[in-house]
Every structure is written in C-alpha cells, then in structure tokens.
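The primary structure of each chain is shown beneath.
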Amino acid sequence: QVPVVESGGGLVQAGGSLRLSCAGSGRTFSPYTMGWFRQAPGKEREFVATISWNGGSTDYADSVKGRFTISRTNAKNTVYLQMNSLKPEDTAAYYCAVRTTSLFDSRNYYRMVDDYNIWGQGTQVTVSS
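Residues numbered from 1 in each chain as written. Predicted model: local features only at pLDDT ≥ 70, side-chain atom pairs only at ≥ 80, totals over all residues. Heavy atoms only, no water.

Chemist: Describe the overall build of the protein chain, listing the residues and the values that go with them.
Modeler: A count of helical and extended segments in the protein chain gives zero helices and eleven strands. Helices and strands appear in the protein chain in the N-to-C order β-β-β-β-β-β-β-β-β-β-β. The C-alpha radius of gyration computed for the protein chain amounts to 14 Å, which stays within 12% of the reference 14 Å derived for 129 residues, consistent with globular compactness. By principal-axis analysis of the C-alpha atoms, the protein chain measures approximately 40 × 30 × 30 Å. The buried share of the protein chain, taken over its 129 residues, is 47%. Restricting the contact set of the protein chain to residue pairs at least 6 apart, pairs at least 24 apart contribute 61%. Taken as a whole, the protein chain presents about 6300 Å² of accessible surface, with 48% of it coming from carbon and sulfur. Counting 13 positive and 10 negative side-chain charges, the protein chain places the averaged centre of each group 6 Å from the other. (Helix = DSSP H or I, 4+ residues; strand = E, 2+ residues; numbered from the N terminus. Rg over C-alpha atoms; globule rule 2.2 N^0.38 Å. Buried < 20%, exposed > 50% of the residue type's maximum accessible area, 1.4 Å probe, protein only. Contact = heavy atoms within 4.5 Å. Areas by Shrake-Rupley, 256 points an atom, 1.4 Å probe, with all protein chains shown as cover. Lys, Arg positive; Asp, Glu negative; His and termini not counted. Charge placed at Lys NZ, Arg CZ, Asp CG, Glu CD.)

Written out as structure tokens, the structure reads:
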C-alpha cells in the first residue's frame, strides 16, 4: 500500500490552472511537515513547496512563488498544491513527500529531497505553449 497518493495532474495550456492533491492512507500525516517536489525528464528532482504540520508555515521555490499555493486539511489527511499561471517550464512529474522524522515542527526550511522520507508515485503535469 502506497502511503501517499497524488492526483490532479494533466494537460493544460500556458496560463491555466491545476490543483494537485496528495492523500495519505494507512496512517495520519497531520503531525508532519509535507512538501511538493517536481522532476522534469533529464533533470534532478527539485523543491517546489513545503508546509508545516498545522499549515502555519509555508515556503516556496522562487520559480513558483506568487503562482503556486500549498495548503493542507489535516481532517482529510490531504495536502494540496494550487498551481496558477502555469508555464511550459512547469512541465514535470510532481511528487508529494512527508517528513516523519520530526513531530509538530513549525519550521519551514525543509527544501532538500533528503529532508523527506516518504514519497508518492507522482502525477504528471504538462503545460503546452
């Protein structure tokens, strides 16, 4: 059983919007920091956004700041990524990640792949020009 499952990806024209969801299963992720990363073909996986356990702290990559919004609903064990004003360079597989190595952590500087230990299988986002 995959601990987290992403959904909401698809094909969209430049300037359009998509909302990604990441649902946890089998256990609650409400005490943990969660993040979104993306990986384009031939490139390394890169940080997109992170959110603290209670949603009080968020952080974004400069490339998406002002266009993407991360949020979470702990009652639904789900984290979201609202993506607006999409650009062709946003095309990538988007991955949800969970950091279970610290509980109730309000810090928001977890930008590295190694900061997270649970990963989803990804959802593809393709932005056409």
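Chemist: I'd love a proper account of the pairing of strand S7 (residues 68–73), names of residues and values included.
Modeler: The alternating pattern of S7 places Phe68, Ile70 and Arg72 on a buried face, while none of Thr69, Ser71 and Thr73, on the opposite face, is buried. Here six bridges tie S7 to strand S8 (residues 78–83), and the two strands are oriented antiparallel to one another. Residue pairing in the sheet places threonine 73 in a bridge with threonine 78 of S8. Between the end of S7 and the start of S8, which pair antiparallel, lie four residues, with asparagine 77 showing a positive phi angle near 55°. (Pairing = 2+ DSSP bridges.)

Chemist: An account of the nonpolar core is needed here, citing residue identities and associated values.
Modeler: Judged by nonpolar contacts, the single largest core of 34 residues is most densely connected at Trp36, Leu81, Met83 and Tyr94. Elements that contribute at least two residues to this core include exactly strand S3 (18–24), strand S4 (33–39), strand S5 (46–51), S7, S8, strand S9 (92–99) and strand S11 (123–128). Sorting elements by how many residues they give to this core places S9 first, with five residues. If sequence neighbours within four positions are ignored, tyrosine 94 has contacts with Glu6, Leu20, Trp36, Phe37, Arg38, Val48, Phe68, Leu81, Met83, Gly122, Thr123 and Val125. (Core = buried A, V, L, I, M, F, W, Y, C linked by side-chain atoms within 4.5 Å.)

Chemist: Break down the pairing of S8 for me, with residues and values.
Modeler: Where a strand is regular, its side chains alternate between the two sheet faces. Across the six residues that make up S8, a large majority, five, are buried. Across six bridges, S3 lies against S8 in antiparallel orientation. Along S8, the bridge assignment pairs arginine 19 with glutamine 82.

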